[in-house]
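What follows is each chain in one-letter form.
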Amino acid sequence: MWYVILGRDREHSLAARLAARPDHLARLEALRDQGRLKLAGPLPAIDAADPGPAGFVGSLIVAEFGSLAEAQAWADADPYIATGVYSRVDVMPFKPVLP
């Protein structure tokens, strides 16, 4: 089943986000290589593709896991949690309809 993982950044986390980004991306690339990643990306803090020092307010990931517990465990192991980038992470089942 597909799951949405919505990570919410804590304030002033841009430096920590940039430092942890390579490890965060490596995990996403592993999901992609397994054919389990539908989409992933950051949520800019302002209406711009490159928010610069404004940074990001979070990240959205849609990926396939065997269960909600498995999706939650994967999310809990994210480097952005370990380094304090995320203040909160929500994991929810997702049913793709379109496209």
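Residues numbered from 1 in each chain as written. Predicted model: local features only at pLDDT ≥ 70, side-chain atom pairs only at ≥ 80, totals over all residues. Heavy atoms only, no water.

Trainee: Would you mind showing me how to read the sheet that holds strand β4 (residues 86-94) here?
Mentor: Sheets are built from strands that pair by backbone hydrogen bonding, the pairs being arranged parallel or antiparallel. The four strands lie next to each other as β2-β3-β1-β4, forming an open sheet whose pairing is antiparallel. Across the chains shown, the open sheet's two edge strands, defined by having one partner strand only, are β2 (37-44) and β4. Across this sheet, the average inter-strand angle for adjacent strands is 10 degrees, counted without regard to direction. Here helix α1 (residues 14-33) sits on the sheet and contacts β1 (2-9), β2, β3 (56-64) and β4; the angle it forms with β3, its principal contact strand, is near 10 degrees. Along the sheet, helix α2 (residues 68-76) contacts β1, β3 and β4; its crossing angle with β4, the most-contacted strand, is approximately 155 degrees. (Pairing = 2+ DSSP bridges. Helix = DSSP H or I, 4+ residues; strand = E, 2+ residues; numbered from the N terminus. Axes fitted to C-alpha atoms, helices over the stretch in contact; angles between N-to-C directions. Contact = heavy atoms within 4.5 Å.)

Trainee: How do you make sense of the packing of aromatic side chains when you look at a structure like this?
Mentor: What describes a pair of aromatic rings is the distance from one ring centre to the other and the angle between the planes of the rings. Under the defined criterion, the tally for this structure stands at three aromatic pairs. Note on Y3 and F65: the rings are 6.4 Å apart at their centroids and 55 degrees apart in plane angle, and the pair reads as tilted. Taken as a pair, Y3 in strand β1 and F65 in the loop between β3 and α2 lie far apart in primary sequence, 62 residues in all. Like Y3, the residue F65 is buried in the burial classification. (Phe/Tyr/Trp six-rings, centres within 6.5 Å; stacked < 30°, edge-to-face > 60°. Buried < 20%, exposed > 50% of the residue type's maximum accessible area, 1.4 Å probe, protein only.)

Trainee: Got a minute to help me understand unusual backbone geometry in this structure?
Mentor: As a rule of thumb, non-glycine residues mostly have phi less than zero, and peptide bonds are mostly trans rather than cis. Note the cis peptide between L98 and P99, where omega equals -10 degrees. Within the secondary structure layout, P99 lies in the segment after β4. Even without glycine at this site, H12 takes up a positive phi of about 60 degrees. Position of H12 relative to the elements: it lies in the loop between β1 and α1. For H12, a relative accessible area of 74% gives the class exposed.

Trainee: What exactly am I supposed to notice about α1 here?
Mentor: Residues three or four positions apart in an α-helix share a direction because the helix packs 3.6 residues into each turn. Look at α1: 27 Å from first C-alpha to last across 20 residues, which is about the 28 Å you get at 1.5 Å a residue. At R21, α1 is deflected by roughly 50 degrees, the largest bend along its length, and proline P22 occurs up to four residues later in sequence. Within the sequence span of α1, burial applies to A16, R17, A20, H24, R27, L28 and L31. The secondary structure elements touched by the buried residues of α1 are β1, β2, β3, α2, α3 (79-82) and β4. Count one or two residues on from α1 and you reach G35, which has phi positive near 75 degrees. (Expected span 1.5 Å × (residues − 1). Bend = angle between axes of the 7 residues up to and from the residue.)

Trainee: How do you make sense of the environment of G66 when you look at a structure like this?
Mentor: Locating G66 in the fold gives a position in the loop between β3 and α2. The exposed category is assigned to G66, whose relative accessible area is 63%.

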